[in-house]
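Listed here are the chains, written in short residue letters.
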Amino acid sequence: MNLISYKENFLKNKTALNLVALAAIQGANALIPILFFPYLIFTLGATLFARLVALEAVALYVVTVSLYSFEVIGVQRLIEAKGRGGDEAARVYFEILYARISLFLVSFFIVLAIFYLFFPLDLFYATVWLLLPLGQIFQSNYYYQAMERNLANALIIIISRFSFLAVGYFFVKGADDVLLAHALIPLSYLVSGLLSVAL
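None of the values given here were measured: they were computed from a predicted structure.

Caption draft 1: The environment of Asp 177, seen in detail. Turning to its location among the elements, Asp 177 is positioned in the loop between helix 8 (150-171) and helix 9 (178-197). Residues Asp 177 and Glu 88, spaced 89 residues apart in sequence, show a C-alpha to C-alpha distance of 47 Å. Here Asp 177 is in contact with Phe 171 and Val 172, once residues within four sequence places are set aside.

Caption draft 2: A look at the packing of helix 2 (residues 46-67) against helix 9. In the contact formed by helix 2 and helix 9, the axes pass within 11 Å of each other and the chain directions differ by 25°. The pairing of helix 2 with helix 9 is recorded here as roughly parallel in orientation. Crossing angle aside, the handedness with which helix 2 passes helix 9 is right-handed. Contacts from Leu 48, Arg 51, Leu 52 and Leu 55 of helix 2 reach helix 9 at Val 178, Ala 181 and His 182.

Caption draft 3: View of the packing of aromatic side chains. Counted according to the given criterion, the structure contains 12 aromatic pairs. For the pair Phe 36 and Tyr 39, a centre-to-centre distance of 6.3 Å together with 20° between the ring planes defines the contact as stacked. Of this pair, Phe 36 and Tyr 39 both sit in helix 1 (residues 3-44), 3 residues apart, roughly one helical turn. For Phe 36, a relative accessible area of 1% corresponds to the buried category. Ring centres of Phe 108 and Phe 109 lie 5.3 Å apart, and the angle between their planes is 85°; this geometry places the pair in the edge-to-face category. Residue classification places Phe 109 among the exposed positions, given a relative accessible area of 52%.

Caption draft 4: Spatial organisation of the packing of helix 6 (residues 131-139) against helix 9. Their axes nearest at 7 Å, the elements helix 6 and helix 9 cross at an angle of 20°. One finds that helix 6 runs roughly parallel with respect to helix 9. Both helix 6 and helix 9 take part in a crossing whose hand is left-handed. Residues Leu 131, Leu 132, Leu 134, Gly 135, Gln 136, Phe 138 and Gln 139 of helix 6 touch helix 9, and the partners they reach there are Ile 185, Pro 186, Leu 187, Tyr 189, Leu 190, Ser 192, Gly 193, Leu 194, Ser 196 and Val 197. Of the residues contributing to the contact of helix 6 with helix 9, the split by class is 11 nonpolar, 6 polar and no charged.

Caption draft 5: Local environment of helix 6. Extensive coverage of helix 6 is indicated by the burial of 8 of its 9 residues. For helix 6, the complete set of buried residues consists of Leu 132, Pro 133, Leu 134, Gly 135, Gln 136, Ile 137, Phe 138 and Gln 139. Summarising the contacts, the buried residues of helix 6 are in contact with helix 2, helix 4 (88-118), helix 5 (123-129), helix 7 (141-146), helix 8 and helix 9. Backbone geometry just after helix 6 places Ser 140 at a positive phi near 50°.

Caption draft 6: Local environment of the confidence of the model for the chain. Within the chain, residue pLDDT values average 90, and 94% of them lie at 70 or more. Model confidence for the chain, summarised as mean pLDDT per element, is weakest for helix 1 at 81 and strongest for helix 5 at 96.

Caption draft 7: Molecular detail of a nonpolar patch on the surface. There is a patch of nonpolar side chains on the surface, built from Val 106, Ile 110, Ile 114, Tyr 116, Leu 117, Phe 118 and Phe 119 and spanning about 770 Å² of accessible area. Mapped onto the secondary structure, Ile 110 falls in helix 4. On the accessibility criterion, Ile 110 (46% relative accessible area) is partly exposed.

Caption draft 8: Molecular detail of unusual backbone geometry. At Ser 140, a residue that is not glycine, the phi angle is positive and equals roughly 50°. Mapped onto the fold, Ser 140 is located in the loop between helix 6 and helix 7.

Reading guide: rules and limits
Residues numbered from 1 in each chain as written. Predicted model: local features only at pLDDT ≥ 70, side-chain atom pairs only at ≥ 80, totals over all residues. Heavy atoms only, no water. Helix = DSSP H or I, 4+ residues; strand = E, 2+ residues; numbered from the N terminus. Contact = heavy atoms within 4.5 Å. Axes fitted to C-alpha atoms, helices over the stretch in contact; angles between N-to-C directions. Parallel < 35°, antiparallel > 145°, perpendicular 65-115°, else oblique. Left-handed = near helix turned anticlockwise from the far one by under 90°. Phe/Tyr/Trp six-rings, centres within 6.5 Å; stacked < 30°, edge-to-face > 60°. Buried < 20%, exposed > 50% of the residue type's maximum accessible area, 1.4 Å probe, protein only. Nonpolar A, V, L, I, M, F, W, Y, C, P; charged D, E, K, R; others polar. pLDDT = per-residue confidence, 0-100. Patch = residues over 30% accessible without salt bridge, like charges linked within 9 Å, V, L, I, M, F, W, Y side chains within 5 Å. Areas by Shrake-Rupley, 256 points an atom, 1.4 Å probe, with all protein chains shown as cover. Salt bridge = Lys/Arg side-chain N within 4 Å of Asp/Glu carboxyl O.

So this is what it looks like as structure tokens:
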């Protein structure tokens, strides 16, 4: 095999590997509720489980606001910046990170104000669930996609999600464990997000 065909095969394999890693990220994020929620409904009961799911929905609204369209636009901007070289990619990354954190903080305080005024009993749990969007902000999947470095990010996400899932199966045994049940999914996102930043 000559050098040119080796390079072409490597690039094809790298693209395939990145696509598999992206699918694994989406799969891990989708599987956790599918695997954990049926267990939670039986261990917590319908009322506590319904509150948990409602708070997850609130967190997903904050995700929508915080991530905005950066997952798409960020990839394009980073690819363009990578082509220009220098510190352009880092500048774009931090610009997007700061914008996302700003949107998160605005959403965070709005959600906390709403819960303080109308749902004070769930204020603490709402705060816990807001770790989920914060983790997704730090995770910066768009960055790894643009840099074609999805494998390490995918491994971090998969290990984090399934580790916290295992903790849930072992330690959430009933209604007394409701705080742990609320914290596991958001913490898995926060941990994987912080580990992704360290890559």
